[in-house]
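These are the residues of each chain, in order.
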There are 2 protein chains.
Amino acid sequence: MAAGRFLFFSLALGALGSLCVLLTVYWVQHWRGGFGWVDSDGIFNWHPVLMVAGMVVLYGAASLVYRLPQSWVGSKVPWKLLHSALHLAAFVLAVLALFAVFRFHSQKKIANLYSLHSWLGITTVFLYACQWLSGFAVFLLPWAPLEMRSLHKPIHVFFGASILSLTVASVLSGINEKLFISLRNQTASYPSLPVEARFANTIGMLVVVFGLLVLYVLLASSWKRPEPGALTDRQPLLLERE
Amino acid sequence: MAAGRFLFFSLALGALGSLCVLLTVYWVQHWRGGFGWVDSDGIFNWHPVLMVAGMVVLYGAASLVYRLPQSWVGSKVPWKLLHSALHLAAFVLAVLALFAVFRFHSQKKIANLYSLHSWLGITTVFLYACQWLSGFAVFLLPWAPLEMRSLHKPIHVFFGASILSLTVASVLSGINEKLFISLRNQTASYPSLPVEARFANTIGMLVVVFGLLVLYVLLASSWKRPEPGALTDRQPLLLERE
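Just so you know, these numbers come straight off a predicted model, no measurement behind them.

1. With respect to the overall build of chain A
Within chain A, the secondary structure is distributed over 8 helices and 0 strands. Listing the helices and strands of chain A from first to last along the sequence gives α-α-α-α-α-α-α-α. Taken over C-alpha atoms, the radius of gyration comes to 20 Å for chain A, in line with the 18 Å a tight globule of 242 residues would show. Each principal axis of the C-alpha distribution contributes one length, and for chain A these read about 65 × 40 × 30 Å. Sequence separation of 24 or more characterises 69% of the internal contacts of chain A that already satisfy a separation of 6 or more. Accessible surface computed for chain A: about 10,600 Å², of which carbon and sulfur atoms make up 72%. Side chains of chain A carry 17 positive and 9 negative charges; the gap between the two charge centres is 4 Å.

Here's what the structure looks like:
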């Protein structure tokens, strides 16, 4: 029953995540000149798409590996490898997305890292790198003592949720910023809310919904791997102590 | 010991929260023309200050009432009243902040609710209203059955954390947006990172740190009211099931 509900929830999350990526692709394809590696706008357009695909959707999927009912029994190692590999893939997409925006700035002679969006985004990717490396060192390499693992686990889970929240905040400020810049000198400016603005604002709100659903499954749902000695197997985490 | 650490942490959080508000006041006072109720910029300037003071700092304080060691023993009712009253005060500040920006738009003939920042912000305040009203109906009014309370509790805690996260995202996109608009036609534009831009970006990053610290105490720390029948009294929430 719990497994069935989880499957349904995962399919819904997968559909919503794919929709976020597809709508971002449609946005840059239809209104912002599509993709390329030579002309500057074409280069920039990889940035939002790779960030939404990597830091939001793939990150969400990677975070929820331990909520799969199949991962509840047997060895944790294959699930650790999957969790770590998916996060590495998400991180690589984020780095490519950063590369795209730096290349775009360099071609257009625009300063790097001036906006709050960029400060927040680069901090988030830096925290992600720290999170991945510390997770790898503590949970995957064999020589970390058990005590260190159990001390690091709540920090790892907390930063996992925090990095996703900061990513969502980065995406929202990024879409907002891009619309302010792109629609500045057009007849249909941002305040007149043309179709593009409504479309991209909607992407932002869908990313919020996706992020909240992932955080719900991660922090508050009952789909958790039962630990040996746990009081009950399926009690929601937030219910236990509140 | 735990109480001493909590006191130290609370003082640090209080200092950081006050710093966020003071820096926001300094920003609008020094660079944006200060406060007023007649000239349009003076009206607008209440918006960021009241939002940071209400939806971030007072919200954070209100959320952490049940983490006070004094609240761990005895009747919950006075703490519920304090929690609810502080949140009501934070909500009133948020409504005044919205009033300020709508009045500013109306004076300057600027459209309302066009940017993603505004969509996100208004959604966050709407969720806050729902959260306060449902909390009041379920936890403060006497006729909700116990079962409904325990069902609603994890949802209330989850949305409590989510609304704070969405608020931080709103503040960040708001500061970003304000700097793009205000520094547009100035000699020292946003990309040249004048002192004002660095100052306001820093406020945004401090708000992020404040939000993360509040979420840590709320979700992952060991400063929780021990529930009757809990396995241990001081075990961190995120450690228990992970």
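2. Some details on unusual backbone geometry
Phi at lysine 109 of chain A is positive, roughly 55°, even though this residue is not glycine. Assignment of secondary structure puts lysine 109 of chain A in the loop between helix 4 (77–108) and helix 5 (116–140).

3. Notes on the pattern of salt bridges
Residues and elements named next belong to chain A. Going through the model one piece at a time under the given rule, you end up with 2 salt bridges over all chains. Of the charged contacts in the structure, one is a salt bridge between glutamate 196 and arginine 32, with a shortest N-O distance of 2.8 Å. On the criterion of sequence distance, the pair formed by glutamate 196 in helix 7 (residues 195–220) and arginine 32 in the loop between helix 1 (2–30) and helix 2 (40–44) is long-range, its members being 164 residues apart. Each member of the pair glutamate 196 and arginine 32 is classed as buried.

4. A closer look at empty space enclosed by the protein
Tallying each qualifying case throughout the model produces 3 cavities of 30 Å³ or more. In this structure, the largest cavity encloses a volume near 140 Å³. Lining the largest cavity we find 14 residues, and of these Leu215 and Leu219 of chain A together with Ala161, Ser165 and Leu219 of chain B sit closest to its centre. Elements represented by at least two residues in the lining of the largest cavity include exactly helix 6 (146–182) and helix 7 of chain A together with helix 6 (146–182) and helix 7 (195–220) of chain B.

5. Topic: the packing of aromatic side chains
According to the stated counting rule, one finds 32 aromatic pairs over all chains in the structure shown. A centroid spacing of 5.6 Å and a plane angle of 75° characterise the contact between phenylalanine 91 of chain B and tyrosine 128 of chain B, whose relative ring orientation is edge-to-face. Of this pair, phenylalanine 91 of chain B sits in helix 4 (residues 77–108) while tyrosine 128 of chain B sits in helix 5 (residues 116–140); the two residues are 37 residues apart in sequence, bridging distant segments of the chain. For tyrosine 128 of chain B, a relative accessible area of 1% corresponds to the buried category. An aromatic cluster of at least three residues, connected via ring pairs, comprises Phe6, Phe9 and Trp223 of chain A. Over the aromatic face of tyrosine 66 of chain B sits the side chain of lysine 76 of chain B, whose NZ or CZ is 5.9 Å from the ring centroid.

6. Some thoughts on the nonpolar core
Within the largest apolar cluster, 117 residues are counted, with the highest numbers of intra-cluster contacts made by Ile175 and Tyr190 of chain A together with Ile175 and Tyr190 of chain B. A total of 15 residues in this core trace back to one element, the largest contributor, which is helix 7 of chain A. Beyond its immediate stretch of four places on either side in the chain, tyrosine 190 of chain B contacts Tyr114, Ser115 and Leu116 of chain A together with Asn176, Leu179, Phe180, Leu183, Ala197 and Asn201 of chain B.

7. What about helix 3 (residues 46–63) of chain A?
In this model helix 3 of chain A runs 23 Å from its N-terminal to its C-terminal C-alpha over 18 residues, within 8% of the 26 Å that 1.5 Å per residue would give. The buried fraction of helix 3 of chain A amounts to 15 of the 18 residues, a majority that puts the element mostly inside the structure.

8. Remarks on the side chain of glutamate 196 of chain A
Residue and element names in this part refer to chain A. Glutamate 196 sits in the buried class, given a relative accessible area of 4%. Here the side chain of glutamate 196 touches arginine 32 through a polar contact of 2.8 Å, side chain to side chain. Those residues within four positions of glutamate 196 in sequence are excluded, and the remaining contacts are Trp27, Trp31, Arg32, Leu179 and Leu183.

9. Digging into a nonpolar patch on the surface
Together, Trp37, Val38, Trp46 and Phe99 of chain A line one region of the surface with nonpolar side chains, adding up to about 440 Å² of accessible area. Here phenylalanine 99 of chain A shows up in helix 4.

10. A few points about the packing of helix 3 (residues 46–63) of chain B against helix 4 of chain B
Residue and element names in this part refer to chain B. It is the contact of helix 3 with helix 4, at a shortest axis distance of 8 Å, that shows an interaxial angle of 165°. On the basis of their axis angle, the class for helix 3 and helix 4 is roughly antiparallel. Helix 3 and helix 4 meet at a crossing whose hand is left-handed. Residues Trp46, His47, Leu50, Met51, Ala53, Gly54, Met55, Leu58, Tyr59, Ala62 and Ser63 of helix 3 form the contact with helix 4, whose participating residues are His83, Leu86, His87, Ala89, Ala90, Leu93, Ala94, Leu96, Ala97, Leu98, Ala100 and Val101. Partitioned by chemical class, the residues of the contact of helix 3 with helix 4 number 18 nonpolar, 5 polar and no charged.

Rules of the game
- Per-chain numbering applies: the sequence of each chain, read as written, is numbered from 1 onward.
- Ligands are numbered from 1 and chains lettered from A, in the order in which they are written.
- Local features in this predicted model are restricted to residues of pLDDT 70 or higher, and side-chain atom pairs are both shown and tallied only at a pLDDT of 80 or more, whereas totals for entire chains, interfaces and linings draw on every residue.
- Where side-chain values are given, they derive from all heavy atoms of the structure, hydrogens and water being excluded.
- Secondary structure is summarised from DSSP: a helix means a run of H or I of at least four residues, a strand means a run of E of at least two, and numbering begins at the N terminus for each.
- Only C-alpha atoms enter the radius of gyration, while the globule expectation follows 2.2 Å times N to the 0.38, with N the number of residues.
- The contact criterion used throughout is that any non-hydrogen atoms of two residues lie within 4.5 Å.
- Here, Shrake-Rupley sampling with a 1.4 Å probe gives the accessible areas, and only protein chains in the shown set may cover a residue.
- By the counting scheme adopted, Arg and Lys are positive, Glu and Asp are negative, and His together with the chain ends is not counted.
- Charge positions come from single atoms, namely NZ of Lys, CZ of Arg, CG of Asp or CD of Glu.
- The term salt bridge refers to a side-chain nitrogen of Lys or Arg lying within 4 Å of a carboxyl oxygen of Asp or Glu.
- Under the scheme applied here, a residue whose accessible area is under 20% of the maximum for its type counts as buried, over 50% as exposed, and between as partly exposed, the area being computed with a 1.4 Å probe on protein chains only.
- In this analysis, the protein atoms alone were mapped onto a 1 Å grid. Cavities are point sets where a 1.4 Å probe fits without being able to get out; pockets are open sets with protein on both sides within 12 Å along at least five of seven lines; lining residues have an atom within 4 Å of a point.
- Grid points are joined across faces, edges and corners, and a volume is the space filled by probe spheres set on the points.
- The pairing test for Phe, Tyr and Trp rings, Trp by its six-membered ring, is centres within 6.5 Å, and the orientation test on the planes gives stacked under 30 degrees, edge-to-face over 60, and tilted for anything in between.
- A positively charged side chain is recorded as over a ring if its NZ (Lys) or CZ (Arg) lies within 6 Å of the ring centre. The angle to the ring normal must also be within 35 degrees.
- Working definition of a nonpolar core: buried Ala, Val, Leu, Ile, Met, Phe, Trp, Tyr and Cys residues. They are joined through side-chain atoms within 4.5 Å.
- Multiplying 1.5 Å by the helix residue count minus one yields the expected span of that helix.
- Think of a polar contact as two N or O atoms within 3.5 Å of one another; within protein, one of them needs to be a possible hydrogen donor and the other a possible acceptor, and neighboring residues in sequence only count if both atoms come from side chains.
- Each patch is built from residues lacking any salt bridge and having more than 30% relative accessible area; the joining distance is 9 Å for like charges and 5 Å for nonpolar side chains (Val, Leu, Ile, Met, Phe, Trp, Tyr).
- The axes used here are C-alpha line fits, helices contributing only the stretch in contact, and every angle between their N-to-C directions lies in the interval 0 to 180 degrees.
- Here the angle decides the label: under 35 degrees means roughly parallel, over 145 means roughly antiparallel, 65 to 115 means roughly perpendicular, and every other value means oblique.
- Crossings are classed by handedness, with left-handed meaning an anticlockwise turn of the near helix from the far one by less than a right angle and right-handed meaning a clockwise turn.
- Lys, Arg, Asp and Glu make up the charged group, whereas Ala, Val, Leu, Ile, Met, Phe, Trp, Tyr, Cys and Pro make up the nonpolar group; the residues left over, Gly among them, are polar.

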